[in-house]
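# Reading the structure
Listed below, chain by chain, are the residues.
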Amino acid sequence: MTFFITGTRRGLGYSLSLLYDTVNTLEECDVFINCKHEEQVDLLFKAAELDKRIINIGSNSPDENKKQPHKYQIEKFALDKANEQLFYQGVNTTILRFGYFDSPRVEHIDKPKMSIPYCVSIIDWVLQQPHRIKDLTVVP
């Protein structure tokens, strides 16, 4: 199984790129792991058109901070809704909404965090399931 993973410069995407057999384009992969928050929805729809297995890395932040919107939160909210729409159209897409995990992006936040290896184990578990999983939220 080959993977196309976005957001591989650091954090979860970087760790995934070290573990999985990656390719350079969406067209070449079996599984698309959608980590980077910019252009996520566009890439999701393109992967769906190509009939790829899709794992979207969402966020729990849209629910936490609705009174103080931020571009990141809005993009993750849009990804969540696009995932839901495509799932009900029969696309094999899953969104994983992680709480904080130990990455450079949130190193300044003083709240409980999950380890990246733990998050990777959740992704592995989803990939091994015989049935489609629409969404899953995991928080420390």
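None of the values given here were measured: they were computed from a predicted structure.

Quick look at the overall build of the chain now. Across its full length, the chain carries five helices and five strands. Order of helices (α) and strands (β) in the chain, N terminus to C terminus: β-α-β-α-β-α-α-β-α-β. A globule of 140 residues ought to have a C-alpha radius of gyration of about 14 Å, and the chain, at 14 Å, matches this closely. Dimensions of the chain, computed from C-alpha atoms along their principal axes, come out at roughly 40 × 30 × 25 Å. Evaluated residue by residue, the chain yields a buried proportion of 47% over its 140 residues. Restricting to contacts in the chain with at least 6 residues of sequence separation, those with at least 24 account for 59%. A distance of 5 Å separates the average location of the 17 positive side-chain charges in the chain from that of its 19 negative side-chain charges.

It is worth spelling out the packing of helix α1 (residues 11-19) against helix α5 (residues 116-128) at this point. Following both chains from N to C, one finds α1 and α5 inclined at 65°, their axes separated by 10 Å at the closest point. Where α1 crosses over α5, the handedness of that crossing is right-handed. Judged by residue contacts, G11, L12, S15, L16 and L19 of α1 engage I116, C119, V120 and I123 from α5. Looking at the contact of α1 with α5 residue by residue, the classes come out as seven nonpolar, two polar and no charged.

Before going further, it helps to spend a moment on the packing of aromatic side chains. Under the criterion given, the structure shown has three aromatic pairs. Aromatic pair F3 and Y20: ring centres 4.2 Å apart, planes at 15°, arrangement stacked. Taken together, the residues F3 in strand β1 (residues 3-5) and Y20 in the loop between α1 and β2 (31-34) connect sequence positions 17 residues apart. You can call F3 buried: its relative accessible area is 4%. A relative accessible area of 14% places Y20 in the buried class. Directly above the ring of F87 sits R132, whose terminal nitrogen or CZ lies 3.9 Å from the centroid.

What counts, and where the lines are drawn
- Residues numbered from 1 in each chain as written.
- Predicted model: local features only at pLDDT ≥ 70, side-chain atom pairs only at ≥ 80, totals over all residues.
- Heavy atoms only, no water.
- Helix = DSSP H or I, 4+ residues; strand = E, 2+ residues; numbered from the N terminus.
- Rg over C-alpha atoms; globule rule 2.2 N^0.38 Å.
- Buried < 20%, exposed > 50% of the residue type's maximum accessible area, 1.4 Å probe, protein only.
- Contact = heavy atoms within 4.5 Å.
- Lys, Arg positive; Asp, Glu negative; His and termini not counted.
- Charge placed at Lys NZ, Arg CZ, Asp CG, Glu CD.
- Axes fitted to C-alpha atoms, helices over the stretch in contact; angles between N-to-C directions.
- Left-handed = near helix turned anticlockwise from the far one by under 90°.
- Nonpolar A, V, L, I, M, F, W, Y, C, P; charged D, E, K, R; others polar.
- Phe/Tyr/Trp six-rings, centres within 6.5 Å; stacked < 30°, edge-to-face > 60°.
- Lys NZ or Arg CZ within 6 Å of the ring centre and 35° of its normal.

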